[in-house]
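Residues per chain are reported as follows:
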Amino acid sequence: MNYRHAFHAGNFADVLKHAALTLALAHLGRKEASYFCLDAHAGIGSYDLRSVAADKTGEYRAGIAKVLEAADPPPELVPYLEAVRRRNDGELRWYPGSPVLMRGMLRPQDRLALVELHPEDAADLAGRFAGDRQVAIHHGDAYASMKALLPPPERRGLVLVDPPFEAKDEFDRLRRGLRQALKRWPTGCYMVWYPIKARLPVQRFHQDLTTEGLPKTLVAELLLRCDDDPFRLNGCGLLMINPPWQLDEAMAAILPWLAKVLAPDTGGHRLEWLVGEDNSNTA
Ligand SMILES: C[S@@+](CC[C@H](N)C(=O)[O-])C[C@H]1O[C@@H](n2cnc3c(N)ncnc32)[C@H](O)[C@@H]1O
């Protein structure tokens, strides 16, 4: 396991993922009933952007730093931007990862489970959330945890699936993991991050999932440039299975603005229903 999220924290991919995550959780929090969140690839939860790792790549400078500086963000993006600003004292230094963002949105009746395979990162998480009765830390494999922890007794909530894509067959592992999870909890909301290098593997991933059967699924992609160089991260996407109501409209407001701010000359976006209301079928 070589991947360390500290090198990438706050980059354009985090911006897309965390903006959507914030919107989805805000929606879940509108009903009084409790919900459960599972962050299946949690990382360490909070990142120092002045660390050697973050400074080495400087990815956050082309991501969250640009977004925070840009004028007139759409109102749909404001809760995410406020969540980042709350962790900083004027100047950007700390970037909240998905565990900290999710924890910040929980109400007293909600629960969060964090899964991380890297022993040092899992230990970091355990320290960060020590004594927090609403947060459980699991040192282990994401897909095994999805099997063990789903369905949650609350019967409402969200699963974030955010693998590092170090393994060559990650798309296949992801597909198998999702199929298993959907069998156990077909009505859960799943937010799945994927990289876009070349278009073909993404198309296959979508096609295979659709053929196997999916509930309503929205696809939101942010491209920094044309997706024809298989050796570069040209963009990234989110697959949102059983997305909260009106998340499509919120993403429609956010995506063009992000593309314009993050990649003014070459950027693009895509938002479409992979499986819509009319053709949804349950795995
Ligand atoms: C992209 S990072 C997660 C970032 C985090 N979700 C966030 O948004 O702040 C992926 C994380 O998954 C961890 N990881 C890799 N393989 C895993 C597995 N099989 N199960 C659980 N975690 C894994 C890595 O150590 C890394 O911390």
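Residues numbered from 1 in each chain as written. Predicted model: local features only at pLDDT ≥ 70, side-chain atom pairs only at ≥ 80, totals over all residues.

Enquirer: How would you summarise the sheet that holds strand β8 (residues 217-223) if you had to cite specific residues and measurements?
Expert: One open sheet accounts for eight strands, arranged β5-β4-β1-β6-β7-β9-β8-β10; its pairing is mixed. At either end of the open sheet lies a strand with only one pairing partner, and these are β5 (135-139) and β10 (268-275). Adjacent strand axes in the sheet meet at a mean angle of 15° when their direction is disregarded. Here β8 pairs with β10 via seven bridges, running antiparallel. Note that in β10 the partner of A220 across the bridge is L271. With respect to the sheet, helix α5 (residues 98-105) is in contact with β1 (36-39), β4 (111-116), β5 and β6 (157-161), its orientation differing from that of β1 by roughly 175°. Against the sheet, helix α10 (residues 247-262) engages β8, β9 (235-241) and β10, with an angle of about 160° to β10. (Pairing = 2+ DSSP bridges. Helix = DSSP H or I, 4+ residues; strand = E, 2+ residues; numbered from the N terminus. Axes fitted to C-alpha atoms, helices over the stretch in contact; angles between N-to-C directions. Contact = placed C-beta atoms within 7 Å.)

Enquirer: Tell me what's going on with the packing of helix α1 (residues 12-28) against α10, and back it up with residues and numbers.
Expert: One can describe the packing of α1 onto α10 by two numbers: an axis separation of 11 Å at closest approach and a directional angle of 160°. Between α1 and α10, the angle falls in the class roughly antiparallel. α1 and α10 meet at a crossing whose hand is right-handed. Residues F12, V15, L16, A19, A20, L23, A24 and H27 of α1 lie in contact with α10, whose contacting residues are L247, A250, M251, I254, L258 and L262. (Parallel < 35°, antiparallel > 145°, perpendicular 65-115°, else oblique. Left-handed = near helix turned anticlockwise from the far one by under 90°.)

Enquirer: Got a sec to walk through the environment of G276? Specific residues and values, please.
Expert: With respect to the helices and strands, the residue G276 is situated in the segment after β10. The exposed category is assigned to G276, around which 12 C-beta atoms lie within 10 Å. With 61 residues separating them in the primary sequence, G276 and P215 have C-alpha atoms 8.2 Å apart. (Buried ≥ 20, exposed ≤ 12 C-beta atoms within 10 Å, placed from the backbone.)

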